Amino acid sequence: MRLQNKTALITGGNSGIGLATAERFIAEGAEIVITGRNQETLDAAVAKLGPKALVVRADVTEDGAVDAAVAAAIKQFGKLDIVFANAGIPGATPVGETDLARFEQIIRVNLTAVFFTVQAASSHLTAGASIILNGSVHQVLGIPGASAYAASKGGISSMTRVLASELAPRGIRVNTVVPGATRTPIWASRAPTPDAFSALEAGFSRAIPLGHMGEAEDIANAVLFLASDEAKQITAAEIVVDGGHIGAPAGAPIYRT
Ligand code: NAP
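In this report, the structure presented in the accompanying data block is examined. Keep in mind that what you see is a predicted model, and the values were worked out from it rather than measured.

### Details of the site of the ligand
Okay, step 1: Taken together, 29 residues form the shell around the ligand, and within it Asn14, Ser15, Arg37, Tyr149 and Thr184 come nearest.
Okay, step 2: Between threonine 182 and the ligand, the recorded distance is 2.8 Å, taken from a backbone N or O atom to an oxygen atom.
Okay, step 3: Contact between the ligand and tryptophan 187: an oxygen atom at 3.3 Å from a side-chain N or O atom of the residue.
Okay, step 4: Relative to its unbound accessible surface of 890 Å², the ligand loses 93% to contact with the protein.

Below, the structure written as structure tokens:
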């Protein structure tokens, strides 16, 4: 058991990568608190995860909401060893078609709230604690129409290094997992039907050297490693889980003759 006697907070633990990580953490012995907004998926997560998961409904953009989730975690477990700041939203912000509210909403959920999640948990973190932020390949790919999302994830990359140096004196590690296109509900608004999703997936698969999208479990496995003591000498690092999309683009099927 790689997380025996560890306690963890996972924001956005009711769906996709967060939920897969919650399952992985529990299987490895952790007790966890998950947050999210959607009551239906929070209820489904409780049923799936069982008694080692505490579920707190919390919008990460609401002042004090994550503090309340952290307080619930401390009341239940007495300490926090792991934070996975994972909650995030997609969204197109093309030049000429984007209003300020939309742009700011993406930055607020994907970047600002991540800082305040870390801040809320900070004073309760033990020496040896591990913080993992959720980034994206968008931080470097320059995908058109994604300025706010890409900037939010580029900000995660920069912020990881700041937090890693700031929290190092307390023995707290801070790292980022960088997912490529991964099969989760995040794509529902862009590809709402099975046919639309198949078309989307076929397009991604041509651009990914390993030839397919990732699964939420692929990301959860990297997060588990960073959370565990196996990564005790790793801080300020990024683990890219993208089938080679940003590291080896020339190996993608679209470039093969
Ligand atoms: P997902 O299934 O849609 O999950 C997103 C999670 O974030 C949900 O649990 C959602 O909870 C939560 N969330 C969103 N806004 C929130 C808010 N204001 N307050 C609290 N919780 C909020 O998508 P996912 O793919 O697992 O995404 C997880 C993370 O991975 C995100 O940061 C995303 O940017 C990143 N990522 C995903 C991919 C991919 O291809 N899937 C690629 C790169 C990076 P509710 O539904 O309850 O709001």
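### Examining the environment of glycine 211
Okay, step 1: By the element assignment, glycine 211 lies in the loop between helix 7 (194-207) and strand 8 (214-215).
Okay, step 2: The contact partners of glycine 211, leaving out residues within four places of it in the chain, are Ser205 and Pro253.

### Here we look at helix 8 (residues 216-227)
Okay, step 1: With 12 residues, helix 8 extends 16 Å from end C-alpha to end C-alpha; this agrees with the ideal 16 Å at 1.5 Å per step.
Okay, step 2: Three or more residues of helix 8 are buried, namely Ala216, Ile219, Ala220, Ala222, Val223, Leu224, Leu226 and Ala227.

### Considerations on the sheet that holds strand 5 (residues 125-134)
Okay, step 1: Read across the sheet, 7 strands follow the order 3-2-1-4-5-6-9 without closing on themselves; strand pairing throughout is parallel. Each having just a single partner strand, strand 3 (53-57) and strand 9 (238-241) make up the two edges of the open sheet. On average, adjacent strands in this sheet sit at an angle of 15° to one another, irrespective of strand direction.
Okay, step 2: Looking at chain direction, strand 1 (residues 7-11) and strand 4 (residues 80-85) are connected through 3 bridges and run parallel. Looking across to strand 4, one finds that alanine 8 is bridged to isoleucine 82.

### Observations concerning the packing of helix 4 (residues 100-122) against helix 6 (residues 147-167)
Okay, step 1: Contact geometry of helix 4 with helix 6 gives a least axis separation of 9 Å together with a crossing angle of 15°. On the basis of their axis angle, the class for helix 4 and helix 6 is roughly parallel. Between helix 4 and helix 6 lies a crossing of right-handed hand. Each of Phe103, Ile106, Ile107, Asn110, Leu111, Val114, Phe115 and Val118 in helix 4 lies in contact with helix 6, whose residues at this interface are Ser147, Ala148, Tyr149, Ala151, Ser152, Lys153, Gly155, Ile156, Met159, Leu163 and Leu167.
Okay, step 2: Here the contact of helix 4 with helix 6 is built from residues that sort into 14 nonpolar, 4 polar and 1 charged.

Thresholds applied
Per chain, residue numbering runs from 1 following the sequence as it is written. Where totals are concerned, whole chains, interfaces and linings use all residues; where local detail is concerned, this predicted model gives features only for residues with pLDDT of at least 70, and gives and counts side-chain atom pairs only at 80 or more. To obtain the side-chain values, all non-hydrogen atoms of the structure were used and water was disregarded. The nearness test applies per residue and asks whether one of its heavy atoms lies within 4 Å of the molecule or strand. N or O atoms closer than or at 3.5 Å make up a polar contact, with two conditions inside protein: a donor-capable atom paired with an acceptor-capable one, and, for residues adjacent in sequence, both atoms drawn from side chains. Using a 1.4 Å probe, accessible areas were evaluated by the Shrake-Rupley method; residue-level cover was limited to the displayed protein chains. Numbering of helices and strands runs from the N terminus, with a helix taken as a DSSP run of H or I at least four residues long and a strand as a DSSP run of E at least two residues long. Pairs of residues are marked as contacts when any of their non-hydrogen atoms sit within 4.5 Å. The length a helix should cover is 1.5 Å for every residue beyond the first. Each residue gets one of three labels from its accessible area relative to the maximum for its type: buried under 20%, exposed over 50%, partly exposed in between, using a 1.4 Å probe on protein chains only. Two strands pair if DSSP finds at least two bridges between them. An axis is simply a line fitted to the C-alpha atoms; with a helix, the fit covers only the stretch in contact. Between two such axes, the angle follows the N-to-C directions and lies from 0 to 180 degrees. Should an angle fall under 35 degrees it is called roughly parallel, over 145 degrees roughly antiparallel, and 65 to 115 degrees roughly perpendicular, with every other angle called oblique. For any pair of crossing helices, the crossing counts as left-handed if the nearer helix is rotated counterclockwise from the farther one by less than a right angle, and right-handed if it is rotated clockwise. Following the grouping adopted for this structure description, the nonpolar residues are Ala, Val, Leu, Ile, Met, Phe, Trp, Tyr, Cys and Pro, the charged ones are Asp, Glu, Lys and Arg, and the polar ones are all others, Gly among them.

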